[in-house]
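Close look at the chain arrangement
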Amino acid sequence: IEHLIQASDVSHTMQHWHVYQKWNQKLFHEMYLAYKAGRAEKDPSLGWYEGELGFFDFYIIPLAKKLKDCGVFGVSSDEYLNYAQANRKEWAARGKDAVARYMQTYCQDDTDATEN
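In this report, the structure presented in the accompanying data block is examined. (Residues numbered from 1 in each chain as written. Predicted model: local features only at pLDDT ≥ 70, side-chain atom pairs only at ≥ 80, totals over all residues. Heavy atoms only, no water.)

**Thoughts on the overall build of the protein**
Secondary structure summary: the protein contains four helices and zero strands in total. Traced from its N-terminal end to its C-terminal end, the protein shows the element sequence α-α-α-α. Once the C-alpha set of the protein is aligned to its principal axes, its extents read approximately 55 × 25 × 20 Å. Counting contacts in the protein only where the partners sit at least 6 residues apart, residues at least 24 apart contribute 68% of the total. If you sum the accessible surface of the protein, you get close to 7400 Å²; carbon and sulfur atoms cover 53% of it. (Helix = DSSP H or I, 4+ residues; strand = E, 2+ residues; numbered from the N terminus. Contact = heavy atoms within 4.5 Å. Areas by Shrake-Rupley, 256 points an atom, 1.4 Å probe, with all protein chains shown as cover.)

Now the structure itself:
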């Protein structure tokens, strides 16, 4: 049951790329707002790309393998592992550009807010 609880928290990482990307951007935005408001010490843009790679390598993919091994999701377990691995590969290729887009969006929001 522990694996199920862990998977529910990070399920977006084991779904289609567009689902992962949507929720990754939302989390980044939340963390960036916390940083800008002084509730977080570190600007998330400084390590987001690398952090996601590590998150896949040391948490998501091992968790997906455990879910597959215990068979809790039946044949869908293969699908979750495959999506996790594909998203990791896609992030390695496109993640730096994604973070740059996030920053462009949220820095523009900052500029708009200060001009009004």
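Once you've had a look at it, read on.
**Observations concerning the nonpolar core**
In this structure, M14, F28, W91 and Y102 are the most contacted members of the largest nonpolar core, which totals 24 residues. Secondary structure elements with two or more residues in this core: helix 2 (17-36), helix 3 (48-70) and helix 4 (76-115). If you tally residues by element for this core, the top one is helix 3, at nine residues. Setting aside chain neighbours within four positions, we find F28 in contact with P44, S45, W48, Y102, M103 and Y106. (Core = buried A, V, L, I, M, F, W, Y, C linked by side-chain atoms within 4.5 Å. Buried < 20%, exposed > 50% of the residue type's maximum accessible area, 1.4 Å probe, protein only.)

**Quick look at the side chain of D43**
Within the secondary structure, D43 sits in the loop between helix 2 and helix 3. Put simply, D43 is tucked away with no salt bridge, and the nearest opposite charge, on K36, sits 7.4 Å away. If we ignore the near neighbours within four places in the chain, the residues touching D43 are Y32 and Y35. (Lys, Arg positive; Asp, Glu negative; His and termini not counted. Salt bridge = Lys/Arg side-chain N within 4 Å of Asp/Glu carboxyl O.)

**Considering the packing of helix 1 (residues 2-9) against helix 3**
Between helix 1 and helix 3, the least distance of the axes is 10 Å, while the angle of their chain directions is 135°. The orientation of helix 1 relative to helix 3 falls into the category oblique. Where helix 1 crosses over helix 3, the two elements pack in a sense that is left-handed. Along its contact with helix 1, which presents H3, Q6 and A7, the element helix 3 presents Y59, L63, K66 and L67. Class assignment for the residues of the contact of helix 1 with helix 3 results in four nonpolar, two polar and one charged. (Axes fitted to C-alpha atoms, helices over the stretch in contact; angles between N-to-C directions. Parallel < 35°, antiparallel > 145°, perpendicular 65-115°, else oblique. Left-handed = near helix turned anticlockwise from the far one by under 90°. Nonpolar A, V, L, I, M, F, W, Y, C, P; charged D, E, K, R; others polar.)

**Quick word on the packing of helix 2 against helix 3**
Packing of helix 2 against helix 3 brings their axes to within 13 Å, and their N-to-C directions diverge by 125°. The angle between helix 2 and helix 3 falls in the class oblique. For the element pair helix 2 and helix 3, the recorded crossing hand is right-handed. On helix 3, the residues touching Y20, N24, L27, F28 and M31 of helix 2 are W48, E52 and F56. Class assignment for the residues of the contact of helix 2 with helix 3 results in six nonpolar, one polar and one charged.

**Quick word on the pattern of salt bridges**
Opposite charge on two side chains allows them to pair when their charged atoms are near. Tallied over the full model, the rule gives three salt bridges. The salt bridge involving D57 is made with R88; its shortest N-O contact spans 2.8 Å. Here D57 is found in helix 3, whereas its partner R88 is found in helix 4, with 31 residues between them in sequence. For R88, a relative accessible area of 24% translates into the label partly exposed. As a salt-bridge pair, K68 and D78 come within 3.3 Å of each other at their nearest N and O atoms. In this pair, K68 is assigned in helix 3 and D78 in helix 4, connecting sequence segments 10 residues apart. With relative accessibility at 40%, the residue K68 sits in the partly exposed group. D78 sits in the partly exposed class, given a relative accessible area of 35%.

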